Amino acid sequence: MKYPLDHPFSLTVAEVVGLAKTDGRQGISEHEAANRSKIYGPNTFPTQAQKSIWLIVLAQFRSPIVYLLLFGAGVSLYFKDVLETVAILAVIVINALIGFLMEMQARRSMSALKKMDVILAKVIRNRETRTIPSEALVPGDLVSLEAGDIIPADGRLITVNRLQCDESSLTGESLPTDKMTETLPADTVIGDQRNMVFKGTSVINGNGEMVITGIGAYTQLGTITSLVENSADTITPLDKKLNKLSRKLIWITLAMTAIFAITGFIQGKALLTIIETSIALAVAAIPEGLPVVATVALSYGMLLMARRNAIVKKLSAVETLGSTGVILTDKTGTLTENKIYTDTFVFPEETVKVHIENNRLKFPGGAIKVSQENFDNLLLTGILCNDANETSGDPVEVALMQLALAAGLDPAALSATYVRIAEVPFNSEIMMMATLHQGPYGYFAAAKGSVEHLLEKCSRVQIGRQIEILDAETREAILLKSNKMAASGLRVLAFACRQDDLLDAHSYLNDLVYIGMAGFLDPPRIDIKGAIFTCRQAGIKVVMITGDHPQTALNIARKVGLIDEDDQAVITGKELPKAELITKEWQQRILDTAVFARISPKQKLEIAEVFQQAGSIVAMTGDGVNDAPALKKADVGIAMGVRGTEVAKETASIILKDDSFISIAQAVAHGREIFQNIQKFVVYLVSCNLSEIFIVTILGVISPTATLLPLQILFLNMVTDIFPALALGLGTGDRTVMLRPPRDPKKNIITNKKWLVISLYAAAITSSVIIAVVYCKEVLHADDRSCNNVAFITLTFAQLFHVFNMSSDGSGFWNNEITRNKWVWAAILICSGLTLMVFAVPGLRLVLGLSVLSFKLWATALTVSLLPLVVFQVYKIVQNK
C-alpha cells in the first residue's frame, strides 16, 4: 500500500480504499495486518533517548559562577584550608541539587503525552468486529467509531451517521465538528478537514467507519509529540543576566588581582602573601549568596503566586513572567468559557437578545414584543428536535435544553406529551435534523438546521399569530440576517415546524413553517476584559491564536477588548507562509496582528518564534494538546489547570488553578515585583562584594597584615550578606508596577547607571573600613590582628546598615518599603547576633582569626560603620528637596 497517504481528505472514498489496499466492508485480513505491523511498526510514538541522570547532574555545574567557586575551593584545598573548601563546596552542592530537582520535573512532560495512547479500538478484519489495543492498529485497517470512543489513529471517514467529534484539544474549536465523507480541496486546513478524524480526539455523537491513514508518528498528535520533543529549552532571561553579571565580576577580580600582584612584586612582598591575598580577592569577588538568595526569593514568589491561583513549576518563570512583553493566548477555554449559550433570536419582525441568570431567562434588550408565538414554537421545536439533556450531549442541543428550563418549561413532560414516532438524523448532506411527534392536537413536525437548507423545506412563515406565504423577498431578508449573525461570530440555526393531522413519516419534511433563527455563542469569560485592559495598560501585547473560524475569533477579540470595534485584521493559517518563507514584511505583519485563526500547532510555534526574534519575552497560554509545542518554546508556558490536558499542564512552567486570565495579570504584576526585589538584592550583594574587593586590594597595599582573611570574607558573604539580601527578596514591591511598560529584556539586571551607584556604595563602605583601620592603627596604636578584627566588624555592620540604602528614590527615611519590611529587621538582629557569637565562642574566634577587643575598638568600628548610611541618606534628602 501507499503510506503515508498524501492529503487523504482530498481523495474520494474509493481512492483511499484503493490506495490503502483494503476493503470498505470487510477490512484487511489478520495475516495482512501482521505483515503491515512488521513493515510500519506499532501505533505508538517513537521514544527519544532521555538525557542520563549524570548528564543532568553535570549540567548544574555549567555556569561561570560555579566555575569561579570551584576554582576558589581548589585553591583553598591546595593551601590545606579544609574548612573554607568545605564551605564553598556546600554552596555549590545546594544550588546543584535545586537545579537538578527542577530539571527532573520536566521529564514528566512526554510521559503525560504518551498516556493518551492507552485506548482500545473496534477494528473490522475479515468482516468480523473485534476490540484490540490501539497500538496494534496498522495503516489500512477499517475501524468502527461510535459515541464515547477516543479516536485511536488518524483516518479517512468512509461512512458517517450524525457523527460529531470534539476536536477542541487539537484545533481550539469549541463546537463539535460535524463529519462527512465528501472530498475536500487539497489546501484545506486541519480545522476544516471534516472527512477526517484524528488520534486523541473523541466521538461525542453518532457513528461511522474510517480507514486508517496514519499511525504513531504519522498522526497529527504524533507531529505535536515530535514538536514538543524537539523544541529546545530556552535559557531564561534571568539566568542569562546572572551569568553575564558573574562574568563581569570575574573580570573585575582578575583586574584587581593583577593590580595587586604587580604592586606587590614592585614593593617586594613575599610570594605567599601575594597568593593568599589573591585568594581573598577571589573569594571576595564571588557572590556566594547570589544563587541561594535568588532561589529562595523565587521560591517565596512561587508560594505567593500559588495563593493567587498560579502554580509555578519552574522557579525562573516567576521573574521571566514579570518581564513578559507578549502574551499569546488560546481562545477556547482561556478567553471564553468553553460553553455554548443561546445569545440571540432573530424572528421575521424582531431580534431578541437573551441570557440566563440564576437559572432564569433574561432579555437584556427588553421583552419580546410581537414574536411571542414564534418564541414559544421555537422553544417547543428546540426541545422536541433534540437528543440531549440539560447536562450532556451536543453543546448546542444542551444550550437549547437549558434555555427551555430557564423559560420555565419542562422538557421531560413535553417529550412525554409529544411522543416521537419518526426521525431524520442530522447529516452533512441535508444539513438538518427533523422529528415527527404524536401530540395532543395531532401530528407535530419539528426541524432545525442550516438556514439555507431549512428554508428549502419551508413554504410558509410565522409572523406573530399569522402564518403567511414565504416569498422570495422574505427568504432573501432571512438569509441576509443569517449572514450578519455568522459574521458577528455566532453559530446560526434555523427552526421550523408544522402542525397537521395529515402528516406521515414520508411527508413531514415538506411544507414546513419557518419560525426563526437562534445564534449560539461561546461567550467571553466575565473577568477577561478587565484583565486584558490591565495587561495593555502595562504595555503587554495580548495576541489570540486559535484554530477557530476567523469571524468567530474577531468577534471574541472585540468583546474582550483585544482589538478595536472596527479592527478587521486577522491572519489565517492558510495564508501564513512557512517559517523559511517568512519575509521581513510578513514578520512585521505578524507583529502588528492581534488575532490569528485556523492556526495549526506548528504555526503556533512559528508565531512564538517571530515574536521572540523581535526581542520580546513571550508567554504562551493554552489548554489543549495543540498548545504543547508553543508552551515549551515560549519563555513562559501557562497552562489551564481545570480544562487543560495533561500534556499542556506537564509542558507548561505555570499552571492556573482557576483558568482565569485575570490570574495571569496578577502573576505578571507579582513577577515584576519580584524582579524589583531581585534587582535590589543584586545591587546590595554586588556593592558589598565590590567593597570587599576594594578593601582587600587597598589593605593589601597599605597594611597587608590587617587585610581580611578568605574565611572572614566567606563568613560575610554566606551569613551577614545573605540574610539582608533574603529580606530584600521577600519584600513587597511597588504598587505601580502595572502602570509601566515591560523592562527591556536586552538590558542587564545592573544597568550602567546602577553600576555607577554600586561603585559609589562600594567606595563609601570601603572608605569607612579604611578610616577605621587607619584610626585604630595610627591613633589607638592597635596591633595588626586587632586592626584586622576592626576591619571585619566595620565591614560587617556597614553592610548591615547598607540595606537601608536600598529604599526607592523619593521615599522617606523612616517610612519606606525597607523599614516596613519585617524580614529586614529580623535579618539585622540575626546577623548582629551571629557576629557577636563568633567573637564570644572561642572555637569560632580561632577559626575566623578573631580575638577579644577593647570597648574603644568596638565603639570605633560601630561608629564608623554608620558612615555609608549617613552619607547616602543625606544625599537622598537633598535630592528629594
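Before reading on, note that the structure itself is shown above.
Asks: Where do I start with the overall build of the protein in this structure?
Replies: Scanning the protein from N- to C-terminus turns up 32 helices and 26 strands. Residues classed as buried in the protein amount to 57% of the 881 residues present. Nonlocal contacts in the protein, meaning residues at least 24 apart in sequence, comprise 72% of its contacts between residues at least 6 apart. As displayed, the protein has an accessible area near 37,000 Å², and 59% of this comes from carbon and sulfur atoms.

Asks: Looking at this structure, how should I read the packing of aromatic side chains?
Replies: A ring pair, where both rings are aromatic, is described by two values, the distance of the centres and the angle of the planes. One pass over the structure, following the stated rule, counts 10 aromatic pairs. Pairing Phe345 with Phe347 gives two aromatic rings, centres 5.9 Å apart and planes at 10°, and the pair type is stacked. Neither residue differs from the other here; Phe345 and Phe347 are each classed as buried. Between Phe797 and Phe801, the ring centres sit 6.2 Å apart and the planes meet at 40°, which makes this aromatic pair tilted. In this pair, Phe797 and Phe801 both sit in helix H28 (residues 784-802), four residues apart, roughly one turn of the helix. By the ring-pair criterion, three or more aromatic residues cluster together here, those being Phe345, Phe347, Phe363 and Phe375.

Asks: Any chance you could explain the pairing of strand S21 (residues 541-545) here in plain terms?
Replies: Regular strands have side chains that alternate between both faces of the sheet. Burial analysis of S21 places four of its five residues in the buried class, the great majority of the element. When strand S9 (residues 326-329) meets S21, the two strands line up parallel, connected through four bridges. Bridge pairing links Val326 to Lys541 in S21. Pairing between S21 and strand S23 (residues 595-597): two bridges, direction parallel. Bridge assignment links Met544 to a residue of S23, and that residue is Val595.

Asks: Can you walk me through a negative patch on the surface in this structure?
Replies: Taken together, the side chains of Glu349, Glu468, Asp471 and Glu473 define an acidic patch exposed on the protein surface. Note that Asp471 resides in the loop between strand S18 (466-469) and helix H17 (472-487). The class of Asp471 is partly exposed, set by a relative accessible area of 36%.

Asks: How should the packing of helix H24 (residues 661-702) against helix H27 (residues 752-778) be read in this particular structure?
Replies: The relative placement of two packed helices is expressed as an angle between their axes plus a distance between the axes. One can describe the packing of H24 onto H27 by two numbers: an axis separation of 8 Å at closest approach and a directional angle of 45°. Put simply, H24 runs oblique to H27. Note on packing geometry: the crossing formed by H24 with H27 is right-handed. In this structure, H24 uses Gln679, Val683, Val686, Ser687, Leu690, Ser691, Phe694, Ile695, Ile698, Leu699 and Ile702 to contact H27, whose residues at the interface are Lys754, Trp755, Ile758, Ser759, Tyr761, Ala762, Ala763, Ile765, Thr766, Val769, Ile770 and Val773.

Asks: Help me understand the sheet that holds strand S22 (residues 571-572) in this model?
Replies: Strand pairing in a sheet is mediated by backbone hydrogen bonds. Such pairs are either parallel or antiparallel. In spatial order, the strands read S8-S26-S25-S24-S9-S21-S23-S22; together these eight strands make up an open sheet with mixed pairing. Every other strand in the sheet has two partners, leaving strand S8 (310-312) and S22 as the edge strands with one partner each.

Asks: How do you make sense of the state of the cysteines when you look at a structure like this?
Replies: Between two cysteines, a covalent bond joining their sulfur atoms is known as a disulfide. Considering all chains together, one arrives at zero disulfides under this definition. Unpaired in this structure, Cys776 has its nearest cysteine sulfur neighbour in Cys787, at a distance of 5.9 Å.

Asks: Got a minute to help me understand the pattern of salt bridges in this structure?
Replies: Side-chain pairing between opposite charges can occur once the charged atoms of the two side chains come close. If you walk through the whole model with that rule in mind, you get 19 salt bridges. Salt-bridge contacts for Glu30 lead to Arg130; the nearest nitrogen and oxygen are separated by 2.3 Å. In this pair, Glu30 sits in helix H2 (residues 30-40) while Arg130 sits in strand S2 (residues 128-133), placing the two residues 100 residues apart along the sequence. We classify Glu30 as partly exposed; its relative accessible area is 32%. By relative accessible area, which is 37% here, Arg130 ends up partly exposed. If you follow the salt bridges from partner to partner, you end up with Arg162, Asp387, Glu397, Arg420, Glu423 and Lys448 in one network.

Rules used in this analysis
Residues numbered from 1 in each chain as written. Predicted model: local features only at pLDDT ≥ 70, side-chain atom pairs only at ≥ 80, totals over all residues. Heavy atoms only, no water. Helix = DSSP H or I, 4+ residues; strand = E, 2+ residues; numbered from the N terminus. Buried < 20%, exposed > 50% of the residue type's maximum accessible area, 1.4 Å probe, protein only. Contact = heavy atoms within 4.5 Å. Areas by Shrake-Rupley, 256 points an atom, 1.4 Å probe, with all protein chains shown as cover. Phe/Tyr/Trp six-rings, centres within 6.5 Å; stacked < 30°, edge-to-face > 60°. Pairing = 2+ DSSP bridges. Patch = residues over 30% accessible without salt bridge, like charges linked within 9 Å, V, L, I, M, F, W, Y side chains within 5 Å. Salt bridge = Lys/Arg side-chain N within 4 Å of Asp/Glu carboxyl O. Lys, Arg positive; Asp, Glu negative; His and termini not counted. Charge placed at Lys NZ, Arg CZ, Asp CG, Glu CD. Axes fitted to C-alpha atoms, helices over the stretch in contact; angles between N-to-C directions. Parallel < 35°, antiparallel > 145°, perpendicular 65-115°, else oblique. Left-handed = near helix turned anticlockwise from the far one by under 90°. Disulfide = S-S within 2.5 Å.

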